[in-house]
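Now for the letters of each chain:
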Amino acid sequence: MRFHAEHRFHASPQAVAALLVDPSFYVALALPDLSPPDVLEHHIDGPAAVLVLRYEFVGSLDVVARRLLGSNQLAWIQKVHVSLPTGEGGLSFAAEAHPKALHGTADFVFVVNDTGAVRRLNGELVVAAPLIGPSAERRIVPGLLRRLDIEARALENKLCAGG
């Protein structure tokens, strides 16, 4: 299922991008139904930066999701990569136990405006389960977008506070 989001920041694309790959930002960020992330990888190689995190879902799952997972805990690996000079980048995520069954990607670009920048994010979530995949995607995407909105507000707050 395709998804889209836009977030406005009172900061440059480069400032937002630098925070998007800052492990300390995510460790301090409280997202609903998620454990604090484990930082698996962080590196900057010239203009490119990468951050890899592991999250566990700690909320309650509906019956369909529970059937798909069996006794496994829902955990996933999220990778964020950015070009520090432009702020453009993307993210990918996949279930740790069954990456082919639940995964997604998104790309983002920044458009500079009078007050800072707008991040435009376009992505796709895939639940590769016959018959129930599209229904599961429709139930998951609103929570994903809500977490992206919370992340964007936290980014904006930190940037405005000079962080």
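What comes next concerns the included structure. (Residues numbered from 1 in each chain as written. Predicted model: local features only at pLDDT ≥ 70, side-chain atom pairs only at ≥ 80, totals over all residues. Heavy atoms only, no water.)

A look at the overall build of the protein chain
Of the regular secondary structure elements, the protein chain holds 4 helices and 7 strands. Expected size for 163 residues packed as a compact globule is a radius of gyration near 15 Å; at 16 Å, the protein chain falls within 12% of this value. Expressed as lengths along the three principal axes of its C-alpha atoms, the size of the protein chain is roughly 45 × 25 × 25 Å. Relative to its 163 residues, the protein chain shows a buried fraction of 42%. Partitioning the contacts of the protein chain with sequence separation of at least 6, the portion at a separation of at least 24 is 55%. (Helix = DSSP H or I, 4+ residues; strand = E, 2+ residues; numbered from the N terminus. Rg over C-alpha atoms; globule rule 2.2 N^0.38 Å. Buried < 20%, exposed > 50% of the residue type's maximum accessible area, 1.4 Å probe, protein only. Contact = heavy atoms within 4.5 Å.)

Considering the pattern of salt bridges
Evaluation of the coordinates by the stated rule reveals 7 salt bridges. For E6, the salt bridge goes to R8, with nearest N and O atoms at 3.8 Å. According to the relative accessible area criterion, E6 is partly exposed, its value standing at 43%. With a relative accessible area of 58%, R8 lands in the exposed category. (Salt bridge = Lys/Arg side-chain N within 4 Å of Asp/Glu carboxyl O.)

Describing the packing of aromatic side chains
Scanning the entire structure with this criterion turns up 4 aromatic pairs. Relative to F110, the ring of F108 has its centre 6.1 Å away and its plane inclined at 80 degrees; by these criteria the two rings are edge-to-face. Given a relative accessible area of 2%, F108 falls into the buried group. F110 gets classed as buried once you look at its relative accessible area, which sits at 11%. Connected via pairs of aromatic rings, a cluster forms that spans F9, F108 and F110. The ring of F108 is capped by R119, whose NZ or CZ atom sits 6.0 Å from the centre of that ring. (Phe/Tyr/Trp six-rings, centres within 6.5 Å; stacked < 30°, edge-to-face > 60°. Lys NZ or Arg CZ within 6 Å of the ring centre and 35° of its normal.)

Topic: the nonpolar core
In this structure, F3, L20, Y26 and L121 are the most contacted members of the largest nonpolar core, which totals 39 residues. Take this core: its biggest share by element is 8 residues, from helix α4 (residues 133-160). (Core = buried A, V, L, I, M, F, W, Y, C linked by side-chain atoms within 4.5 Å.)

Describing the packing of helix α1 (residues 13-20) against α4
Direction vectors running N to C along α1 and α4 enclose 115 degrees, while the axes themselves pass 11 Å from each other. Where α1 crosses over α4, the handedness of that crossing is right-handed. Contacts from A15, V16, L19 and L20 in α1 reach E151, L155, K158 and L159 in α4. Classifying every residue of the contact of α1 with α4 by side-chain character gives 6 nonpolar, no polar and 2 charged. (Axes fitted to C-alpha atoms, helices over the stretch in contact; angles between N-to-C directions. Left-handed = near helix turned anticlockwise from the far one by under 90°. Nonpolar A, V, L, I, M, F, W, Y, C, P; charged D, E, K, R; others polar.)

Nothing here speaks to function; it is all geometry.
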